[in-house]
Amino acid sequence: ETGFTERDLRENYFYLTMLDEAFRRSDAALPAEVTVADIGPSSWFYVQALFFAFTYFGTTRARAVNLTGFEVDAYRLYADFHTRRDHALANMRGLAGVEYVDHGFEPDPSAYDVITSFFPFVFEKDHLEWGLPRSLFNPRSLLNATLASLKPGGLLVIVNQGLKEHEEELRFLQEAGVSPKAAYKMESLLFSYPLDRYIITVKK
C-alpha cells in the first residue's frame, strides 16, 4: 500500500514528464552522483517523480542522488492536523539521500548540479494571499541566490503557472543579465490544470 491516490500518481507522472522534457531541451548531462536543491516543495507530493527523474535520466544504471527540499513554511497545519513537513516525510519514505529542511533556500556557492523551483511566487499579491510575510517576498534575490548556487555547467529549472507569471520570470532573468536555455509551455495529456504550466531552464 503506497498511500498514493490515482490523482497523486497521475500528477507525479506529469512532473516526471516535465523534468524529462526540461532536461532534453537543455541538453542536460547529469553526473554519476547528482546534487539537487528543490525550492519550496510544500508537502513534496511530487518527490518520487523528482527522485526518479534524477536517478534514471539518460542512463539505465541508477545514479546516486543527493536531494534537499527547502521549505520556508514547513509547519503549516493541514485539515488532518498534520503539517506540511509531516506529509513530506511520509512522501519521502524509501528514498535514500533525500532531506527536507524547514527553512528557506540560502545561497551556497557552486553547491548544486541542478536546482528546481516549482511555482515560485513572482507577484507579491499571491505571496501574501498564501499567508507568507511581506518580508520574505524577494523573487529577484532568490533568483540570484539560485544562480550563484549552481556549479559551472549546472541547470536551473523553473516552472510557472500561467503566461503572466512566465513572462514576469523571464523579465527577472533579463534584469539579471541571464538568457534562458529553454522557455516554453508544457503540453501534456497526463494532467490538466486551470492554468498552463510554463518551463524555463538556465544553464550556468
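Look above for the structure.
### Overview of the pattern of salt bridges
Next, step 1: Taken as a whole and judged by the stated rule, the model has 14 salt bridges.
Next, step 2: A salt bridge links Lys185 to Asp196; the nearest nitrogen and oxygen atoms lie 3.7 Å apart. Of this pair, Lys185 sits in strand β6 (residues 182–185) while Asp196 sits in the loop between β6 and β7 (197–203), placing them eleven residues apart in sequence.
Next, step 3: Judged by its relative accessible area of 34%, Lys185 is partly exposed.
Next, step 4: With relative accessibility at 40%, the residue Asp196 sits in the partly exposed group.

### Focus on the layout of surface pockets
Rolling a probe over the atoms, with the probe sized like a water molecule, indicates the empty space that remains.
Next, step 1: The calculated volume of the largest pocket comes to roughly 1200 Å³.
Next, step 2: Lining the largest pocket are 43 residues, and of these Gly40, Phe119, Pro120, Phe121 and Leu132 lie nearest its centre.
Next, step 3: For the lining of the largest pocket, the secondary structure elements donating two or more residues are α1 (6–25), β4 (112–118), α4 (124–129), α5 (139–149), β5 (150–161) and α6 (162–175).
Next, step 4: Of all the elements, α5 adds the most residues to the lining of the largest pocket, at six residues.
Next, step 5: Its residues assigned to classes, the lining of the largest pocket shows 25 nonpolar, nine polar and nine charged.

### Concerning α1
Next, step 1: Taking 1.5 Å per residue, 20 residues should reach 28 Å; α1 reaches 29 Å between its end C-alpha atoms and fits that length.
Next, step 2: Trailing α1 by a residue or two, Asp27 shows a phi angle of about 55 degrees, which is positive.

### Things to note about the side chain of Ser149
Next, step 1: Note on placement: Ser149 falls in helix α5.
Next, step 2: Take Ser149: its relative accessible area is 0%, and that puts it in the buried class.
Next, step 3: If near-sequence neighbours (up to four positions away) are discounted, Ser149 is found in contact with Phe105, Glu106, Pro107, Asp108, Pro109, Ser110, Ala111, Tyr112 and Ile115.

### So, the packing of aromatic side chains
Next, step 1: Applying the stated criterion across every chain, the model contains 15 aromatic pairs.
Next, step 2: Ring centres of Phe23 and Phe54 lie 5.3 Å apart, and the angle between their planes is 50 degrees; on these two criteria the pair is classed as tilted. One end of the pair, Phe23, is in helix α1; the other, Phe54, is in helix α2 (residues 47–56), with 31 residues separating them in the sequence. Of the two residues, Phe23 and Phe54, neither departs from the other in class, the shared state being buried.
Next, step 3: Summarising the aromatic geometry, the rings of Phe52 and Tyr56 are spaced 6.4 Å apart at their centres and angled 5 degrees between planes, so their arrangement reads as stacked. Of this pair, Phe52 and Tyr56 both sit in helix α2, four residues apart, which is roughly one turn of the helix.
Next, step 4: Judged by relative accessible area, which is 36%, Phe52 ranks as partly exposed.
Next, step 5: Tyr56 gets classed as partly exposed once you look at its relative accessible area, which sits at 39%.
Next, step 6: Of the aromatic side chains, those joined through ring pairs into one cluster are Tyr15, Phe45, Tyr46, Phe118 and Phe119.
Next, step 7: Sitting over the ring of Tyr184, Arg25 keeps its end group 3.8 Å from the ring centre.

Cut-offs and rules
Residues numbered from 1 in each chain as written. Predicted model: local features only at pLDDT ≥ 70, side-chain atom pairs only at ≥ 80, totals over all residues. Heavy atoms only, no water. Salt bridge = Lys/Arg side-chain N within 4 Å of Asp/Glu carboxyl O. Helix = DSSP H or I, 4+ residues; strand = E, 2+ residues; numbered from the N terminus. Buried < 20%, exposed > 50% of the residue type's maximum accessible area, 1.4 Å probe, protein only. 1 Å grid on protein atoms, 1.4 Å probe; cavity = no way out; pocket = protein on both sides within 12 Å on 5 of 7 lines; lining within 4 Å. Points joined across faces, edges and corners; volume = space filled by probe spheres on them. Nonpolar A, V, L, I, M, F, W, Y, C, P; charged D, E, K, R; others polar. Expected span 1.5 Å × (residues − 1). Contact = heavy atoms within 4.5 Å. Phe/Tyr/Trp six-rings, centres within 6.5 Å; stacked < 30°, edge-to-face > 60°. Lys NZ or Arg CZ within 6 Å of the ring centre and 35° of its normal.

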